[in-house]
Amino acid sequence: MFESLWWLSVVFTVLVDFFIAYIVYKNNPRSATNKILSLTAIILLFWDVSNFLALSLMDQEARLFWVRVVMFVTSPLGPLIFMLSSVFPEEKLILNKKLLYVTIFSVVATSLLAISPFTFRALENLPGGSFKLFPGPAILIYGFNLFFFLSWGFIILFKKLKKSSGILRKQLTLFAVGTVSAFTLMVLTNFVAVVVFKSIKFTFLGPSFTLIMVGFIAYAIIRHKLLNIKVIASELLVISLVLILLSKLFLFKTIGEFIVDIIVFTFVLIFSYLLVKSVSREVEQREKLQELTEKLKALDKQKDEFISMAAHELRAPMTAIKGYLSMIMEGDAGKVPDKICEFLRGSVEGNDRLIRLVNNMLNVGRIEEGRMVYQMGNVLLKDIIKDTYNEFKGEAEAKNIIFNFDSTKNLVDKVYVDKDRIYEVITNLASNSIKYTDKGSVSIKLSNPKVGLVRCEIVDTGRGITEDEQKKLFQKFGRAESSSGKTIGSGLGLYISKLLIEKFGGNIGLISESGKGSTFWFELPVV
Amino acid sequence: MIADNQNNTESKKMILLVEDDPLLVKMYSTKLIKEGYGVISAEDGECGLNLALSQKIDLILLDVMMPKLSGIDLLIKLRQDPKGKDIPVIVISNLTQEEEAQKALSLGAKEYLIKANLTPSQIIEKIRKYLVG
């Protein structure tokens, strides 16, 4: 029972070592880290096999041979761990050339000595199936090669770990934990116990410990390139399936069985090829998509930065125009004749329209993406509308339109909104109504249609809006035509108003008929 | 750096205007003086910080994008100094980066105003609010 389990564990370890060597190498064949780890996994695989043979064979000479093979195969392990620690997780081999030659020389010398009688000069079978090993003088060279390079490798690893941060730190931690624990255990059971305590009792465990190290490291490297695992895994699955079916072809009992096996094999081969191709394509597409997404994000960021800068630069002169015009109209430079005041009002309106346009262009992206920061507070809608009324009464007068504001008795109009944003909404709606009304009136009305709700209506006697145009209006860049047939506006004002009212928990809408004027309305919950 | 109307400053409230655009400095200074305030102006953040800590200032009108020291950095240094930590500050800017607004308000600025959206009179109304008493 124990022997079957042992045999199974050996087969399992060999398969896992092979699997990991394959995956790690295919993950990035150009990377020195991946190549060294792959080589380490292959060497551990050979160690597993030769260790098993040394322990399971009964013939003394054969055992000694395989023990020497174990020493030969494991000579590069210490230096490999040292090289892996130096390179991990880089792609290029950045070792000092002299150091590299010294390492190679050490490995070659140790390996040659390993298969000679100078490392283990003799083996004696003991009753019960065990054996005793007699080390030679070169065991010290083997030991030095192993311990020196392992220790150096661990020191490099810990130094790197101390200096690192982020993902690299996580990877190095996994690497360090895996390597140190696995190798400490392996050295204890397969070298110290054998050479110092002359016991081979635990040597069968050695190769299994390698799974700890290889597993940790493979996970550390492959972690953020997980997508490629799909292709490799599907390739391996397909190879295994094809090999199993191929081997079955040679085990047929009848011609009929053979024909069936050939047909199954052919189909599996075709579909396996298609499967691997489709998985590769999917992975490739996903990688391309990721690349495009990164590019888009970068472009989006650039666009935002450009708009912010442009808005900032445009606003500076607009601030000066707004400021000086207001100061003239407030009489800071002396009394201003009415006619001049009238003309100045035109400049103020034009400038304010420009400012609103810049604000809308700047804000639309932020509001859509939820990046807008709102300064919420309780606001009396009446106050905001009074400000709006004062802002637009000049423009309305210039067009000979009656402009008034009306609210019902006992109005409850306290709402929880961002004061500047609700002002923006009302000015957008009022500005639209006045723009699209050439004669008659524009009225702003506040009412409570039911308890807990306040309704603001902006009613105009303009040309009205057709059903088709109504559908476009609250959409981004949706615009209507004025009576002169030209489209006016950027198409952002109503869209932004809709986003804002909905953000504040309200509703916005329009009632209109072509030729019969329009009523833009919004409702908000009262506080 | 310009120091305007510093005569008879005992009764006047002194406003430090830290703004690098000369057009806007002239505009705000004119209005502030007309409304009875004393005005000291600085054309960059470094000059502004020095004045804030060396002169008797009742309120600071602070721009954000400026040479040598930005408005936010000025505010950070101002709050680290015992002489400057209690001076009311109103940030006036044409930048609408939320991070800047949040930073300014977290550093104790009373308001973060967009210059282009307000007339000088409207800004002075805000100043009056924070200079009561």
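Described in the following lines is the structure provided in the data block. (Residues numbered from 1 in each chain as written. Chains lettered and ligands numbered in written order. Predicted model: local features only at pLDDT ≥ 70, side-chain atom pairs only at ≥ 80, totals over all residues. Heavy atoms only, no water.)

### Quick look at the overall build of chain B
Argument step 1. Secondary structure summary: chain B contains 5 helices and 6 strands in total.
Argument step 2. Starting at the N terminus, the α and β elements of chain B follow one another as β-β-α-β-α-β-α-β-α-β-α.
Argument step 3. When the 133 residues of chain B are sorted by exposure, 55% land in the buried category.
Argument step 4. Residue pairs at least 24 apart in sequence account for 64% of intrachain contacts in chain B once pairs closer than 6 positions are excluded.
Argument step 5. With the model as given, the accessible surface of chain B reaches about 6000 Å², and the carbon-plus-sulfur share is 49%. (Helix = DSSP H or I, 4+ residues; strand = E, 2+ residues; numbered from the N terminus. Buried < 20%, exposed > 50% of the residue type's maximum accessible area, 1.4 Å probe, protein only. Contact = heavy atoms within 4.5 Å. Areas by Shrake-Rupley, 256 points an atom, 1.4 Å probe, with all protein chains shown as cover.)

### Some thoughts on the interface of chain A and chain B
Argument step 1. Contacts between chain A and chain B engage 22 residues on the former and 25 residues on the latter.
Argument step 2. Summed over both sides, the interface between chain A and chain B buries roughly 2100 Å², with carbon and sulfur atoms accounting for 57% of that surface.
Argument step 3. Taken together, the links from chain A to chain B amount to 3 salt bridges.
Argument step 4. The shortest N-O distance in the salt bridge between B:Lys31 and A:Glu330 comes to 2.6 Å.
Argument step 5. The interface formed by chain A and chain B includes 9 residue pairs in polar contact (both at pLDDT 80 or more).
Argument step 6. Sorting the residues of the side of chain A that touches chain B by element identifies helix H10 (255-329) and helix H11 (338-368) of chain A as the ones contributing at least two each. (Buried area = accessible area lost by both parts, 1.4 Å probe. Salt bridge = Lys/Arg side-chain N within 4 Å of Asp/Glu carboxyl O. Polar contact = N/O pair within 3.5 Å; in protein donor to acceptor, adjacent residues only side chain to side chain.)

### Some words on the packing of aromatic side chains
Residue and element names in this part refer to chain A.
Argument step 1. A full pass over the atoms with the stated rule returns 14 aromatic pairs over all chains.
Argument step 2. Judged by centre distance (4.5 Å) and plane angle (40 degrees), the ring pair of Phe 88 and Phe 175 falls under tilted. Within this pair, whereas Phe 88 is found in the loop between helix H4 (77-87) and helix H5 (97-114), its partner Phe 175 is found in helix H7 (residues 166-195), the two being separated by 87 residues in sequence. The residues Phe 88 and Phe 175 share a single accessibility class, namely buried.
Argument step 3. Between the aromatic rings of Tyr 142 and Phe 191, the centroid separation amounts to 5.7 Å while the plane-to-plane angle is 25 degrees, which identifies the pairing as stacked. Here Phe 191 lies in helix H7 and Tyr 142 lies in helix H6 (residues 139-163), a separation of 49 residues in the sequence. In this structure, Tyr 142 and Phe 191 share a single accessibility class: buried. (Phe/Tyr/Trp six-rings, centres within 6.5 Å; stacked < 30°, edge-to-face > 60°.)

Functional significance is not addressed by these values, which are geometric in nature.
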